[in-house]
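# Structural overview
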Amino acid sequence: MAWRGFRIAVPELRRKRHKSHSYNRYSNGAWRAVRDLRDFSERLPLAQKAAIILFLLASGGIIALGTFFWFLGRTADDSRFEVLAARQRMLVQEMYTYALGARIEEPGIEDRLLSIINEFDSSLWSFEMGGGALGVHIPPALPEFHPALMRIKRTWVRLRGPLLLLAEEPGNTPELRGAFKAAQRGLPQLAAGTTGLAALFEERKQRLRANMLTVLFSICFMNLMFVVAALRFTKRQIAAPIAEVTQAARSFQTGNFSARVRVRAKNELAELAETFNRMAANVAWLVARVQASEARFRGLFENVPDGVCKTTTEGRITAANPALLSMLGLEKEEDLFLDTLNSYVAGQAKTPKEESFPGAAQTRNLELQLRRTDGRTITALANTCAVRDESNNIIGYQTTLTDISDRKDLEQQLRQSQKMEAVGRLAGGVAHDFNNLLTVILGYSEFALEALAKDDPVRDSITEISGAAKRAERLTQQLLAFSRKQVARAAVLDLNSVIHGMETMLRRLIGEHIQLHLALYPNLWPIYADHGQMEQVVMNLALNARDAMPAGGVLRIETANVYLDESTIGQNSLQLEPGPCVTLSVADDGSGMTDEVLSHLFEPFFSTKEKGKGTGMGLSMVYGIVRQSGGDVRVGSQPGMGSVFQIILKRAGCVDTSSLSEPEETSPGQAHGETILLVEDEAGVRQFAAEALRRRGFNVLEATDGREGLRTFERHRAEIDLVLTDVVMPAMTGRELAQIMRAKDPSV
Ligand SMILES: Nc1ncnc2c1ncn2[C@@H]1O[C@H](COP(=O)(O)OP(=O)(O)OP(=O)(O)O)[C@@H](O)[C@H]1O
Ligand SMILES: [Mg+2]
């Protein structure tokens, strides 16, 4: 019950323990008793505690009732005693009256006096033994009245004889007078005795009443205390713990998973509290796990580079990750919520397997064009799977979108560069063979012209042949430039001075309707390239710009120093290493180009110009020259917005010069019988070269390939002054041949 009170009292007891020996013992005993009682009570089940309290309350009530009735009984008895004593007093009065009458011999008095004496006798007897007398029924008087009774009895013993005498023989005899005198003396004494007795009863009755009130009040108070204690018990041991569990459960419900209940006693409610705490701990652990797992998956959803979204069965978007938002050019997830995924799909989905999107339960690598909010289109791969409920009905879709635009661009660029490489190889091969044939045609045309008389009618025809062959040679030179097989005379040069040198010629070339703006960076780094080739590049770009601006415009030529970094290289997919570079930009505000034109731009013979106006070799040459010089070209253009071509070349000192062959100095002149070993697999060229050398006075030894050349060299080692060999030959290259010969004779 009110154990808290005890807890406060106990230290108090302990503190006073040393005051006295007896107190010490008492306090020890009391402390132990309290502790035992407390322990016992804490171990008691609630039902038993409640039963004990009810029992105590009921007993209190019964005791109170019993006491009340006992008091009632006692006071009733005392009232009857009092009545009897009063009746005795009346009898004594009567006796006195009759005693007087007997002395004056009043007739008929004796019977009445006798009956009064008997009545007094029996009433006196009743006081002692209990029973009925004078119409009153009483129990025996309590011992406390015995002294008063004895006094009455003693008086009565003295009076009874004289009174009987007076009753039996009334008259005026000396005995009778003596008896009357005795009665006269004794009767007032008897009356006083009975009065005193009645007063005693009255007094006791009053006392009893007062006691009864005190006892009843005490019992009521005690019961009141019991009720208070029972209320406190119910509040502390039942209501408070239940309220605490309810409170904890409520706070748990609102998400405070750390809410726990204090476990006080060892009863059923403590068990409830412990069970609640265990459950709370389990739930908190589970919630923490769910939260951690949710955070993990949310992180995945938020950070995955692919766009992920959930849609309803109608395709409406209900959730989207940041990657999808940036893919579509949106900022907030809410911007998507009213849209369907299909509203972002541009054109028809491209897939052989799936007929529609996103209605199909599952799509794999469906290629889509998505329209961004800024109008751009991106290519994405969509993978969709259906989300189902317990009954396997489709309730929505989950779609992953991978942006493959960059990959597509790279693939396109790779295809383009592979195409250029293949076309270059083809063009180079054709040009090389073609050049050999042209060398023969031009050479023999020259021999024929030398041999013919000035007025020979065939002469004109041969001149025409020679002229056509020269034009064809220019074309093959361009093809060779594109295929990077042109012989370049590379040197360290200042690109600005190349452009300055061309300025007058350029102005004349582009005409007056086009303005030329030069913005040449003053401290431009030097480059390593062929001067003539660079002029060809500028010229071709300027001519193209002119052709793109038939109604006039501005042609801007700019140079600049730049530091090329990885990201620029990656973004423009340039075939360059990072490092310092020089750029040459040629920009016009002419017609611009469509994507279709841009995709074929550098191909040889690609031209949009009408027949006879363009060969389509200009840009292929530019491309070949720039690549041969270790640089790259990038183009920016849109129809109607003009074009800009940017040539990027390495700063001199940073360039690999192996692709730029050294210039070969040749000096024509007359020979004096020196012997040349000529190694050439192409018969026509070999014959023409041998003829030409012989005409200049050389002795020529001919060999059709490297092996034969080597054999001839062995045989005529002493005579040979010079070895002239083709480089590209079957079986053995010219370079290998030269190495073997040098090994045998270092003077070659
Ligand atoms: N600045 C430019 N503006 C617009 N289109 C251009 C520009 N430069 C090149 N082109 C387009 O690229 C095509 C190929 O150009 P390229 O210089 O290779 O050949 P061409 O100019 O047609 O012929 P060629 O230069 O041999 O006389 C051109 O026909 C033209 O359509
Ligand atoms: Mg051109």
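Note that the structure is predicted; figures quoted are calculated from it, not measured. (Residues numbered from 1 in each chain as written. Chains lettered and ligands numbered in written order. Predicted model: local features only at pLDDT ≥ 70, side-chain atom pairs only at ≥ 80, totals over all residues. Heavy atoms only, no water.)

## Considerations on the overall build of the protein
What the protein contains, in helices and strands, is 18 helices and 18 strands. Taken over C-alpha atoms, the radius of gyration comes to 70 Å for the protein, far larger than the 27 Å a tight globule of 748 residues would show. Structurally, the protein occupies a C-alpha span of about 235 × 60 × 55 Å along its principal axes. Taking as baseline every contact in the protein between residues at least 6 positions apart, the subset at least 24 positions apart corresponds to 65%. Carbon and sulfur atoms make up 56% of the accessible area of the protein, which totals about 42,400 Å². Looking at charge distribution, the protein has the averaged site of its 88 positive side-chain charges lying 17 Å from that of its 88 negative ones. (Helix = DSSP H or I, 4+ residues; strand = E, 2+ residues; numbered from the N terminus. Rg over C-alpha atoms; globule rule 2.2 N^0.38 Å. Contact = heavy atoms within 4.5 Å. Areas by Shrake-Rupley, 256 points an atom, 1.4 Å probe, with all protein chains shown as cover. Lys, Arg positive; Asp, Glu negative; His and termini not counted. Charge placed at Lys NZ, Arg CZ, Asp CG, Glu CD.)

## Some words on the sheet that holds strand E13 (residues 579–588)
Reading across the sheet, the five strands line up as E10-E12-E13-E15-E14 and stay open at both edges, with mixed pairing between neighbours. Here the strands that pair on one side only, and so sit at the sheet edges, are strand E10 (514–519) and strand E14 (632–637). Going from strand to strand, the sheet's axes swing by 20° on average, the running direction of each strand aside. Sheet topology places E10 next to strand E12 (residues 553–564); six bridges connect them, and they run parallel. (Pairing = 2+ DSSP bridges. Axes fitted to C-alpha atoms, helices over the stretch in contact; angles between N-to-C directions.)

## Re a nonpolar patch on the surface
Together, Leu426, Val430, Phe434, Leu437, Ile441 and Ile465 make up a nonpolar patch on the protein surface, roughly 540 Å² of accessible area in all. With five residues, the top contributor of residues to the nonpolar patch is helix H9 (residues 405–451). Looking at the secondary structure, you find Leu426 in helix H9. (Patch = residues over 30% accessible without salt bridge, like charges linked within 9 Å, V, L, I, M, F, W, Y side chains within 5 Å. Salt bridge = Lys/Arg side-chain N within 4 Å of Asp/Glu carboxyl O.)

## Describing a positive patch on the surface
The grouping of Arg151, Arg154, Arg158, Arg177, Lys181 and Arg185 at the surface amounts to a positive patch. Sorting the residues of the positive patch by element identifies helix H5 (146–168) and helix H6 (174–253) as the ones contributing at least two each. For Arg158, the location among the structural elements is in helix H5. Exposure remark for Arg158: the relative accessible area of 53% places this residue in the exposed category. (Buried < 20%, exposed > 50% of the residue type's maximum accessible area, 1.4 Å probe, protein only.)

## Comments concerning the pattern of salt bridges
A complete count under the given rule lists 26 salt bridges for this structure. Of the charged contacts, one joins Lys205 and Glu82 as a salt bridge, the two residues approaching to 3.3 Å between their closest N and O atoms. Pair noted here: Lys205 is in helix H6 and Glu82 is in helix H3 (residues 46–103), with a separation of 123 residues, a long-range link. The closest approach of N and O atoms between Asp547 and Lys609, which form a salt bridge, is 2.8 Å. Note that Asp547 is positioned in helix H12 (residues 531–548) and Lys609 in the loop between helix H14 (595–600) and helix H15 (618–628), a separation of 62 residues in sequence.

## Some words on the packing of H6 against helix H7 (residues 268–303)
Look at H6 against H7: their axes get within 10 Å of each other, and the N-to-C directions meet at 10°. Overall, the two elements H6 and H7 adopt an arrangement that is roughly parallel. In contact with Gln237, Ile238, Pro241, Ile242, Val245, Ala248, Ala249 and Phe252 of H6, H7 contributes Leu269, Leu272, Ala273, Phe276, Ala280, Val283 and Ala284. When the residues that make up the contact of H6 with H7 are grouped by side-chain class, the tally is 14 nonpolar, one polar and no charged. (Parallel < 35°, antiparallel > 145°, perpendicular 65-115°, else oblique. Nonpolar A, V, L, I, M, F, W, Y, C, P; charged D, E, K, R; others polar.)

## Looking at the domain arrangement of the protein
The domain architecture assigned to the protein consists of domain 1 (1–43), domain 2 (66–224), domain 3 (304–403), domain 4 (411–487), domain 5 (488–656) and domain 6 (675–744). Computed over C-alpha atoms, the centres of domain 4 and domain 5 are 26 Å apart. Between domain 4 and domain 5, the residue contacts involve 14 residues of the former and 21 residues of the latter. Of all residues in domain 4, Met420, Phe482 and Arg484 bury the most surface against domain 5, accounting for 33% of the area lost on that side. Applying the counting rule to domain 4 against domain 5 returns one salt bridge. Its salt-bridge partner being Lys419, residue Glu603 comes within 2.4 Å of it at the nearest N-O pair. Applying the counting criterion to the domain 4 and domain 5 interface returns two residue pairs in polar contact (both at pLDDT 80 or more). Broken down by secondary-structure element, the contributors of at least two residues to the side of domain 4 that touches domain 5 are H9 and helix H10 (458–482). The element contributing the most residues to the side of domain 4 that touches domain 5 is H9, with six residues. (Domains from an automatic or database assignment. Buried area = accessible area lost by both parts, 1.4 Å probe. Polar contact = N/O pair within 3.5 Å; in protein donor to acceptor, adjacent residues only side chain to side chain.)

## Digging into the packing of aromatic side chains
On inspection of all chains with the given rule, the structure shows 14 aromatic pairs. Considering the side-chain rings of Trp70 and Phe71, the 5.0 Å spacing of their centres and the 70° angle between planes classify their relative orientation as edge-to-face. Residue classification places Phe71 among the buried residues on the basis of a relative accessible area of 5%. Three or more aromatic residues joined by ring pairs form one cluster here, namely Phe81, Phe127, Phe145 and Phe201. Positioned over the ring face of Phe447 is Arg695, at 3.7 Å from the centre of the ring. (Phe/Tyr/Trp six-rings, centres within 6.5 Å; stacked < 30°, edge-to-face > 60°. Lys NZ or Arg CZ within 6 Å of the ring centre and 35° of its normal.)

## Focus: the packing of H9 against H10
The geometry of H9 relative to H10 is characterised by a closest axis approach of 8 Å and an angle of 155° between their N-to-C directions. What the angle tells us is that H9 and H10 run roughly antiparallel. As for how H9 packs across H10, the hand of that crossing is left-handed. Of the residues belonging to the contact of H9 with H10, the class tally is 17 nonpolar, nine polar and three charged. (Left-handed = near helix turned anticlockwise from the far one by under 90°.)

## A look at the sheet that holds strand E16 (residues 675–679)
In space, the three strands of this open sheet follow the order E17-E16-E18, with parallel pairing throughout. Two strands lie at the open edges of the sheet, namely strand E17 (699–703) and strand E18 (720–725), each paired on one side alone. Within this sheet the neighbouring strands show an average axis-to-axis angle of 20°, counted without direction.

## Considering helix H18 (residues 734–744)
Of the positions making up H18, those classed as buried are Gly734, Leu737 and Met741. Projection of H18 onto a plane perpendicular to its axis shows the buried side chains occupying an angular sector of 60°, all on one side. Turned more than 90 degrees off the buried face of H18, the exposed positions are Arg735, Gln739, Arg742 and Ala743. Along its buried surface, H18 packs onto E16, helix H17 (706–715) and E18. (Arc of directions from axis to C-beta.)

## Considering the site of ligand 1
Ligand 1 sits among 21 residues. The nearest are Asn544, Ser607, Thr608, Lys609 and Thr615. A distance of 3.3 Å separates an oxygen atom of ligand 1 from a polar backbone atom of Gly618. Ser643 has a polar side-chain atom sitting 3.4 Å from a nitrogen atom of ligand 1. Burial of ligand 1 by the surrounding chains reaches 91%, relative to a free accessible area of 590 Å². Contributing elements (two or more residues each) for the shell around ligand 1: H12, H15 and strand E15 (643–650). By residue number, the principal contributor to the shell around ligand 1 is H12, which donates three residues. Looking at the shell around ligand 1 residue by residue, the class counts come to eight nonpolar, 10 polar and three charged. (Near = heavy atom within 4 Å.)

## Points about unusual backbone geometry
The residue Asn392 is not glycine, and still its phi comes out positive at about 70°. Within the secondary structure, Asn392 is located in the loop between strand E7 (377–388) and strand E8 (394–403). Of note, Phe605 is a non-glycine position whose phi angle comes to about 65°, a positive value. Along the chain, Phe605 falls in the loop between H14 and H15.

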